[in-house]
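Residue strings, one per chain:
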Amino acid sequence: MAKRNIVFQGDPILSKKSRKVENFDERLYQLLDDMKETLIDQNGVGLAAPQVGVLRRVVIIMEHEDGDVIELINPEIIETSGRQENVEGCLSCPGEYGITLRPMKVKVKAYDRYGKEHIYTGEELLARAFCHEIDHLDGILFKEHVIRMLDDSELEN
Ligand code: NI
C-alpha cells in the first residue's frame, strides 16, 4: 500500500463527474488499499477517489475506530428519510467546517471490490458520510449543502 496525495479545493478535478468502475481487478484493489492508508493517515471519516486524483466511482468510509472501512464501488443512494443538521468538513477543504442539511437515514446500493452487490443503511454520521462522499463522485463539495459556515470562534471549540 502507499499513501496518495489529497487533491484540494480549487483543483478542477474536484468538480468533475467520475466514471463508473467497469473492471473489478488488481488496479481497483490497489486504489482501495491506497485510499484506506491515506484515510487512516489523515484521520478522516471518508474518502472519494477524485480526492486522490482518480475520476472513478469509488468511495471508502471508516466504519469503526479500529480501522475497518466500508468500500463502495459505483454507489447509488436509493432511499432517504428524515433530516439532520450537523457539522461537516472535508479533507479537501482543510480548516473549514459548516452546518449542512442532510437526510437522517440513507440507503445505498453499491458493489464491493469483488463486484458483489450490497445494500447499506446509514443513520446520523454514516448517513452524512454516504451523502458527502457520493457527492464527490458528481463533483459536488459539502459547501453546496451548507446552511452556514462555522466562524473562527466556533472552530476553537
Ligand atoms: Ni469530502
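All figures in this text were calculated on a predicted structure; none of them were measured in a lab.

S.K.: Looking at this model, I keep getting lost on the packing of aromatic side chains. Mind explaining?
M.R.: Tallied over the entire structure, the rule returns 2 aromatic pairs. On the numbers, 6.4 Å between centres and 65° between planes, the contact of Phe-24 with Tyr-111 is edge-to-face. Placement of the pair is Phe-24 in the segment before helix H1 (26-42) and Tyr-111 in strand S6 (residues 105-111), with a sequence separation of 87 residues. In this structure Tyr-111 comes out as partly exposed when scored by relative accessible area, which is 24%.

S.K.: Help me understand the pairing of strand S2 (residues 58-62), please; the structure alone is not making it clear to me.
M.R.: A regular strand places its side chains so that they alternate between the two faces of the sheet. The element S2 is extensively covered by neighbouring structure, given that 5 of its 5 residues are classed as buried. Along S2, one buried face is formed by Val-58, Ile-60 and Met-62 and the opposite face, lined by Val-59 and Ile-61, is buried too. Inspection of the sheet shows strand S1 (residues 46-48) paired to S2 by 3 bridges, in the antiparallel sense. By the bridge assignment, Gly-46 is partnered in S2 with Ile-61. Relative to strand S3 (residues 69-81), S2 is paired through 5 bridges, and the arrangement is antiparallel. Paired with Ile-60 across the two strands is Glu-71, which belongs to S3.

S.K.: Whenever I open this one, the coordination of the nickel ion confuses me. Can you help?
M.R.: Ideal geometry at a metal centre: 109.5 degrees between donors when four sit tetrahedrally, and 90 or 180 degrees when six sit octahedrally. Coordination of the nickel ion by the protein involves Cys-90 (SG), His-132 (NE2) and His-136 (NE2), with metal-donor separations of 2.1 to 2.2 Å. Counting residues between consecutive donors of the nickel ion along the chain gives the motif C-x41-H-x3-H. In this pair, His-132 and His-136 are both assigned in helix H2 (residues 125-136), 4 residues apart and thus about one turn of the helix distant. Taken individually, His-132 and His-136 each receive the classification buried, so the pair is uniform in this respect.

S.K.: Please explain a nonpolar patch on the surface as it appears in this structure.
M.R.: A surface patch of nonpolar side chains, amounting to about 230 Å² of accessible area, comprises Val-87, Tyr-97 and Leu-155. You can see Leu-155 is positioned in helix H3 (residues 152-155).

Reading the values: the criteria
- Residues numbered from 1 in each chain as written.
- Predicted model: local features only at pLDDT ≥ 70, side-chain atom pairs only at ≥ 80, totals over all residues.
- Heavy atoms only, no water.
- Phe/Tyr/Trp six-rings, centres within 6.5 Å; stacked < 30°, edge-to-face > 60°.
- Helix = DSSP H or I, 4+ residues; strand = E, 2+ residues; numbered from the N terminus.
- Buried < 20%, exposed > 50% of the residue type's maximum accessible area, 1.4 Å probe, protein only.
- Pairing = 2+ DSSP bridges.
- Donors = N, O, S within 2.8 Å, 3.2 Å for Na, K, Ca; no water.
- Patch = residues over 30% accessible without salt bridge, like charges linked within 9 Å, V, L, I, M, F, W, Y side chains within 5 Å.
- Areas by Shrake-Rupley, 256 points an atom, 1.4 Å probe, with all protein chains shown as cover.
- Salt bridge = Lys/Arg side-chain N within 4 Å of Asp/Glu carboxyl O.

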